[in-house]
Amino acid sequence: MLDLSVKLGPLELKNPIILASGVWDFPYTKIIDFKRLGGVVCKGVSLKPKEGNPPPRITETPCGVINSIGLENKGLEYFEREILPELKKLRTHIFVNIFGESVEEFKKVASKIKEVAGLEVNISCPNVSRGGDKFARDPKIVFSITKAVCEETELPVIVKLTPSIENIEETAQAAKEGGAMAVTASNTFPGLVIDIERKKPLFKRITGGLSGPAIKPLALYNVYKIKNAVDIPIIGSGGIADYRDVLEYLIAGAAAVQLGSIIFNNPLAPIEILDNLECWIREKGYENLKEVNKK
Amino acid sequence: METTFRILPVLENKKLGPYHKITLKDAQMYNHAECGNFIMIGLQGLDPYLPRPFSFLEGNKESFSILVKMKGRGTELLSKVKKGDKLKVLGPLGKAFCPPEKGVLIAGGIGIAPVYYQSGWMKGGILFYGAKSRKDLILTREFKEKGFKVRTITEEDGGLVTDLLKKHTDELNGKQIFICGTNEMIRNIKRILNIEQIDKAYAYVEKRMGCGLGGCKSCAVKTVEGYKLVCTEGPIFPLKEVKIA
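Residues numbered from 1 in each chain as written. Chains lettered and ligands numbered in written order. Predicted model: local features only at pLDDT ≥ 70, side-chain atom pairs only at ≥ 80, totals over all residues.

**Student:** Any details on the overall build of chain A? Residues and values, ideally.
**Tutor:** Each helix and strand in chain A was counted, giving 9 helices and 16 strands. The C-alpha atoms of chain A give 18 Å as radius of gyration, which agrees with the globular expectation for 295 residues (19 Å, within 12%). C-alpha atoms of chain A, sized along the principal axes, occupy 55 × 50 × 40 Å. Burial analysis of chain A (295 residues in total) assigns 54% to the buried set. (Helix = DSSP H or I, 4+ residues; strand = E, 2+ residues; numbered from the N terminus. Rg over C-alpha atoms; globule rule 2.2 N^0.38 Å. Buried ≥ 20, exposed ≤ 12 C-beta atoms within 10 Å, placed from the backbone.)

Written out as structure tokens, the structure is:
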């Protein structure tokens, strides 16, 4: 097997493929061999349980999907007791996605999570009324939440940024100054779907978060912008559907990538992408994936 | 139950009433599929992006079939597949259950598919079946051959399945009841049944679904214990627990 390993700050991942938060749960282990993945990010955990948004919560768009889930989760206590021990059994790097409605909540959740590869701080969910991507739009808030989380934990901290701002470099810089080990660029894009029968927005919260191949060039551009402005490892995320997309992200400057909704389209996509990355390296005559930017 | 994701060839696509019955060639799926299970089926490529959940209709050692109703772009494209085309198939999914030997099945429209599949595990009972028009009623002969008493009604003839139930409500007493139809139909049936009947009734719930594996949390249905996911905790729920909006 070829060496696909990548460096993500102080971490060495066996390959750049990370499963994103909010798209998988344990039943996926029946289909995907998790030990082949570079890492996984679990569904967002908040201090208190969150019921999530009323259905409908999802619909298809051209080459993509738009969701309004609303961070449904059973809260920190349940997570520590029931989910974290199971996560630790997956033989890959585990990143715990944390979510709060206030700096205090972020701190409380961050302080409790131990013995995983890192935390991903979710300040960019477009589908909740309190907190969510309002945090990620303001570099000052990005800085203060990142700093507060970093003070509570010894774990590497990744900050998941929103794409819904003009200058994502500024929030990436704020995350860096707050002590983040890396940033994820980026979360879903807010978008609208109208139900033509009811003549109303499909989702009760009006907008949802758009993901899938439809957003790939937009998210890729965010990675490129950050790479050229801020010295921080970037996890590229948005619309990856095959190995060529992964290469585009790596060449644009990402250290690793996250796969999201593509696993709805094809649950075996992560494994197929890994196999195809190997073929590509072999065809190019490279030794490993670190040579991806070789001219 | 062993869930797999595979690319399977279409064996046949034929009209059955207003629907398309699509048969896929496969020797494994039906061995693993149990009563209550469903599958996700997707076209190859990235558009349409999402697979769609389908109930099994029937199966054997060489193939299994689903029933497709054209509702939107995805099902329209799916209904056009031809012999030899390949489809993405994830399954079996969902919580299986053990149906009674005899019981009451209530179906509206394409809701006939899962109850027909369920009837394969049963030795008879009663089917209450409503559809838009007489030509939309399918599989009634097959139900009779399986030992079911079949009661049908159509909107063309001026009635809904709930009207049929009101007339024969005594026939439901003491029996397990399984319902598959629109949300409105399930809601209205819940109003007609008495407490004892509701206690023994179950509903097949349909929701927009993203993954089928509990990953996306999209297919939430309100229950007395809060939201539950249709894909991993359903698709069948006790009628008394589920709150159909």
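Having seen the structure, we can now continue with the description.
**Student:** Lay out the environment of A:Leu277 in plain terms, naming residues and giving numbers.
**Tutor:** All names here are of chain A. Structurally, Leu277 can be placed in helix H9 (residues 269-284). Expressed as a C-alpha distance, the spacing of Leu277 and Leu202, which sit 75 residues apart in the sequence, is 38 Å. Leaving out residues up to four positions away in the same chain, Leu277 has contacts with Leu4, Tyr243, Val246 and Leu289. (Contact = placed C-beta atoms within 7 Å.)

**Student:** So what's going on with unusual backbone geometry? Which residues, and what values?
**Tutor:** A cis geometry characterises the amide bond from A:Pro55 onward to A:Pro56, with omega recorded as 0 degrees. Inspection of the secondary structure puts A:Pro56 in the loop between strand E4 (39-41) and strand E5 (58-61). Put simply, B:Asp47 and B:Pro48 share a cis peptide bond, and its omega is 0 degrees. Within the secondary structure, B:Pro48 is located in the loop between strand E3 (38-43) and strand E4 (52-55).

**Student:** Please provide a residue-by-residue account of the domain arrangement of chain B, values included.
**Tutor:** Residue and element names in this part refer to chain B. The domain boundaries assigned to chain B delineate domain 1 (4-93) and domain 2 (103-204). On a C-alpha basis, the centroid separation for the pair domain 1 and domain 2 is 24 Å. Each partner contributes to the interface: domain 1 provides 11 residues, whereas domain 2 provides 12 residues. Partitioning the side of domain 1 that touches domain 2 into residue classes produces 7 nonpolar, 2 polar and 2 charged. (Domains from an automatic or database assignment. Nonpolar A, V, L, I, M, F, W, Y, C, P; charged D, E, K, R; others polar.)

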